[in-house]
Every structure is written in structure tokens, then in C-alpha cells.
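Observations on the three-dimensional arrangement
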Amino acid sequence: MDFQSKKLINDPNDVVTEFIEGLVETYPGLQYLDGFPDVKVVLRADVSGGTYDKVAVISGGGSGHEPAHAGFVGEGMLTAAICGDVFASPPVDSILALIKAKFLHQGIRAVTGPLGCLLIVKNYTGDRLNFGLAAEQAKSEGYKVEMVIVGDDCALPPPRGIAGRRGLAGTILVHKVAGAAAASGLSLAEVAAEAKRASEMVGTMGVALSVCTLPGQVTPDRLGPGKMELGLGIHGEPGAAVADLQPVDIVVSHVLKQILSTETNYVHITRGSRVVLLINGLGATPLMELMIAAGKAVPRLQLEHGLAVERVYTGSFMTSLDMAGFSITVMKADQTILNLLDAPTKAPNWPVGADAKIPVPLPPSRTKKNEETLGRPQQLSPEGHILEIAIEAAAKTVIDLRDNLNELDGKVGDGDCGSTMSKGASAILEDMKKCYPLNDPAETVNEIGTSIRKVMGGTSGIIYDIFCKAAYAQLKANSQSGITALEWAGALEAAIDAVSKYGGAKAGYRTLLDALIPASSVLKEKLAAGEHPVQAFALSAEAAVAGAESTKNMQAQAGRSSYVSADILASVPDPGAVAAASWYKAAASAVKNKYQAS
């Protein structure tokens, strides 16, 4: 299926120049050559070619890989970057203009001084040819120029023919090594040697969940749902294989084995080596997913491959527009490489590398109540058995509703209500088997709150924990012997009052209280009228369901739904209210069925 990409741009032909204009406005240490639109070059604002006493380090290539390469221009890294059009190698004249230009905007001199310049080029035919021709022409005019080509792709098996391995995110590490070497005052030959050595010790492989969409073009979604592509190129070119989407553990393991394969031997890294790890987002991958990949890659490198992970860099370094996916780069590191990577730089997009970490032990709890004084009774009382049945029914109903609740929440909130509630319900079921003192209803309610607090994030977790703690306090104050139906009703009312007090919501605010307040009112009313407690419970559950449905007609005044238009809200009941009504009704039905069966 083909689709037109959606971009927040103006004319697709102007995206690169407008990107550069925004970049230099954002970072005062950067400037661009006055040659738009033909010459698109970003350079350090503090460098003048006539007086610059260091080796200039220059890189570049097609645009669309931001922050590469312009985002890595700065003292201690690149001196300048040449930007081609999207996925197109920059023309020779742009490269040559940067190397030898005599007069720049606002009188800034060219970046290439007496010590010459090093060109770092990703291994793509267009880049090699254009940078190579520019280098030769500059040499013929008396400039000192060296070029290092980076081909760190480990996805495709050898032989690679004359094309060789593609240049990927490992190029960024080579930029840093070369830039730090140049900043330390090394000669052109020495800087080139450090860059070449680094390029020979680095390997990269990418995994994509989608192709990228080019500005102003129709893009085919060739992968389709449930598929991922291993080794997809940074311009969207096909990779090594298309496979079913797998958990990130499996993906990371496969990629690392491919990079470190002794069959291809692309990177000469053996057990006991010191390495640097770089996790690179391809443009549309949330930082959460990149951090998950980093967290899985480090122990695999350490335990499965016997490597010492000295530095970890995680973020978006060399993207492919809005491609979803990531690449993993592993570089062999000695102390010289580490010193160069750690050297200071003012490049705006270079991160701070971190050593691999050992988790800090969780501080011991001040109370050992769960382990020492509470636990599941060996023998359940009749009331304890009924309580277990009600809790189990309520929790399982919430778990079964996960996808439906997420769908509802996706229309009026952030789409995670079902997942969040399901986590809490699963924890309740698990903990009930081990530590709920079911013969003590008050303590059981308190433990439900503890289970929820452990796993349910966001507002929902806090609200339900407050709900349970308030109910517990009410039950504990009145439980001299057994707990009566009226005391259960009082606990429900106290819990609702606490949620309203601390959360600020009231009836009509389109929250879970719009299900629970009617339930509480009907329960008290029916019990006061002499209705059997089981029947009163069942009738109050119907009120909860009706209350949840009525939220369709309410304007939200709390939570994320308060930002959603009334037209959208009118078609969807509040997910939190639906969840509350569902577990309440499930518990009431389970209790009723138990009594009818007996």
C-alpha cells in the first residue's frame, strides 16, 4: 500500500536549507556558508581557515540523517559538515567550496588551514566519488587533504564486491575520535591514522519496523504489519531479511551475534576485549525503546560474548528521516580510543557516555508486615472464601477488558488505561495466592492497595491505592468481630470520599467516581430498606454500570480527557468509569452466584 507522507514543512525542495537556518539559530557556535541553495555547509563559527592551527575534520553526505552530520560540528569533533539534498550526496562544488573558499559570510575564513583537512566519508558510491573528486582537485591547488572511508555495516554477508560495506552510525564514533585527535594538535597524517584505525574496529547493524517517508513523495509500506527488516539501509534500501516482529531481547541478541560473527569477521573483537556500545534510533523510535535495547545489549555483551563494556551511548545519532527502528554499533576500544571519546567537545548532539552500571540495591522496607505477620491462611473461613471469589472475578474481568479499555482510552486519553489496570489486576491475583490474609477483610483490602502501588503507574495507581487505604482504615475502625454489609458500604463511601478529596473529582466530572458514587448510593439505600446484602450488592452494580455509561454525556473536568473536545467525548464513556463498573459488577455477580449455588 502506498501513502502520501505527512510532514511539517514548507516546500519539499527547501527542507535542507531551512533545517540549516534553524540549526544555526539554535546553536550560536555554528554558522553556514553564504552559498544557498547550491552550497549547503555548516561550520564552526570560531574557525578561520587563514589562522586555524589544527587539522580540519570535515564530513557530510545526503541529508535526512539528522543530527548527522551537522549536529556533530563543534570544537573537539567536526570542523564542518557538507549537506546534500535528502539522501543525495553533496556535489563536488559544495565540498570544494568548504575546503578552499576564501571569503565567507561575515568575513569568516574557510576552515582548512595550513595543517590541512581530513574528509570522513560514509561508504556510498556517490559520497566516495564526490568527496574523492573534490579532494583531488583541492590537492591539485595546494591544499593538504586526506580521506578516510567508513564502512561499518555488518548486516550483509561477504563478498561485498567493489561496493563494500555501507557506512552507518559507527561513522559518528569515527567523527569523535578524529575530532578529538585533531583538537589535541596531531598532524594530518596522525589524525587520519587514528580515524582509519577507529573505522576498522567498528561494526553496526540496523533493524527497521517501517520504511522512511521522503518529503513530498509517496512512500510504499513494503514491510506491512507485524514485520521487521534486518539490515535495512539508512536510505530505506532493502536489508538482509524480512522477518516476523520479535521481542527486543531476541532482536538484540541476533544483531550482536551478527556484528561479532567469527564467520564474517568484520570486527576483530574477541572475548576479553573492551568495547563501546552505541544504540542509535532511526528517527521514529521512542527513547524508551532505545533504552530498553541498551539495557538488554549490555548484559548480553558482558555475559554471552565476554566483553567489557566501557561506554554506552544511547540516542538518535544517524537517522533515516522518520524510520522506526534502531541500529546497534559495537567498537573495540583501547585506552587511546576511550580518551578520545571522552575528550571534551562542543558539538551540540554528542552525548555523555556512561560506564556500564550495577543496580543499586533496593533499600529495605521499614515494615516486614507482608513477609512476617501476614500470609494466606491455610484454611479459609466462609467469608474468606467469598472474598477470594469476589477479588478473583473482579481482577480477571479487568484483565479481559485490557484491549477494550485501551481502545476507549486511545480516543479520549493516552491509550494505556487497560494496560495499567491489567498490571494491577495481575499483581492482585499473584499476591492473593501468596500473602493475602483473606480471613481478615480489612487487612486484605490494605494488601490490595499494596499490590496496586507496586505495579500501577500514573494517576490510576495512586487513586486506587488511596481508595484501598481509606477503605482499610474504615473497616479497621469498625471490625471488632465480623464485618457487616453496612460496614462494607461505609468503607466504600469512605474510599470514594478520600479519592474525591485528594484527586479533586466529584460526581459529574467524568471519572471512575461517576460509576462508584451511584453504586455507593444504591447500596446504602437498599441495605437501609432491608434488602438482602447480596441483592443490594447486585443492584448497586447495575447502578455502577449505568453511571459509567452516563459519562458519555459529561464534559470531562479532570484527567487527560479534559483536553479532548466534547464532540469526541460524546461517543465514548470514560474508560476509568467503565473499568470501575466492570470490576464492581464482576465481584457482585461472583458473590451472587456463590450464594445461589449454595
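Numbering of residues begins from 1 in every chain and follows the order in which that chain's sequence is written. In keeping with the model being predicted, local features are shown solely for residues with a pLDDT of at least 70 and side-chain atom pairs are shown and tallied solely at 80 or more, while totals for entire chains, interfaces and linings include all residues. Values shown for side chains rest on all heavy atoms present in the structure; no hydrogens or waters enter the calculation.

Going along the chain from the N terminus, every DSSP run of H or I of four or more residues is numbered as a helix, and every run of E of two or more is numbered as a strand. Each helix and strand counted, the protein chain has 19 helices and 14 strands in total. Whether a residue is buried, partly exposed or exposed follows from its accessible area with a 1.4 Å probe, protein chains only, as a fraction of its type maximum: under 20%, in between, or over 50%, in that order. Counting over 598 residues, the protein chain shows a buried share of 51%. Surface summary for the protein chain: the accessible area is close to 27,100 Å², and the carbon and sulfur share equals 54%. Working definition of accessibility: Shrake-Rupley area with a 1.4 Å probe, residue cover restricted to the visible protein chains.

With respect to the helices and strands, the residue N406 is situated in helix α11 (residues 402-412). Polar contacts, as used here, are pairs of N or O atoms within 3.5 Å; protein pairs need one atom able to donate a hydrogen and one able to accept it. Residues neighboring in sequence count only if both atoms are side-chain atoms. Here the side chain of N406 touches S419 through a polar contact of 2.9 Å, side chain to side chain. The contact criterion used is simple: two residues touch if any of their non-hydrogen atoms lie within 4.5 Å. Beyond its immediate chain neighbours, meaning those up to four positions away, N406 contacts G415, D416, C417, G418 and S419.

Turning our attention to the pattern of salt bridges. Pairs can form between side chains of opposite charge once their charged atoms are near each other. The salt bridge criterion pairs a side-chain nitrogen of Lys or Arg with a carboxyl oxygen of Asp or Glu, the two atoms within 4 Å. If you walk through the whole model with that rule in mind, you get 25 salt bridges. Put simply, R44 and D46 hold a salt bridge, and the shortest N to O gap is 2.9 Å. In this structure, a network of salt bridges that share partners links the residues E194, R197 and D334.

A separate point is the layout of surface pockets. Two kinds of site are reported from a 1 Å grid over the protein atoms alone, namely cavities, where a 1.4 Å probe fits but cannot get out, and pockets, open sets with protein on both sides within 12 Å along at least five of seven lines, and residues are called lining when an atom falls within 4 Å of a point. Grid points are joined across faces, edges and corners, and a volume is the space filled by probe spheres set on the points. A volume near 1,300 Å³ is recorded for the largest pocket. As for the largest pocket, its lining consists of 46 residues, and the residues nearest its centre are L387, A390, W488, F537 and A587. Taken together, the elements giving at least two residues each to the lining of the largest pocket come down to α10 (382-400), α12 (417-434), α13 (441-455), α14 (458-478), α15 (485-503), α16 (513-528), α17 (533-550) and α19 (575-597). Broken down by element, the residue count for the lining of the largest pocket peaks at nine residues, all from α10. Under the scheme applied, nonpolar residues are Ala, Val, Leu, Ile, Met, Phe, Trp, Tyr, Cys and Pro; charged residues are Asp, Glu, Lys and Arg; polar residues are all the others, including Gly. Looking at the lining of the largest pocket residue by residue, the class counts come to 36 nonpolar, eight polar and two charged.

UniProt positions are given in the numbering used here, feature names are shortened, and annotations may be inferred rather than shown by experiment. With numbering aligned to this structure, UniProt lists the feature "binding site: substrate" (unreviewed entry) at G62, S63, G64, H65, K122 and D127. The subset of these annotated residues that lines the second largest cavity comprises G62 and S63. Tracing the backbone shows S63 in strand β4 (residues 56-63). Ignoring anything within four residues of it in the chain, the contact list for S63 reads V16, C83, G84, D85, V86 and F87.

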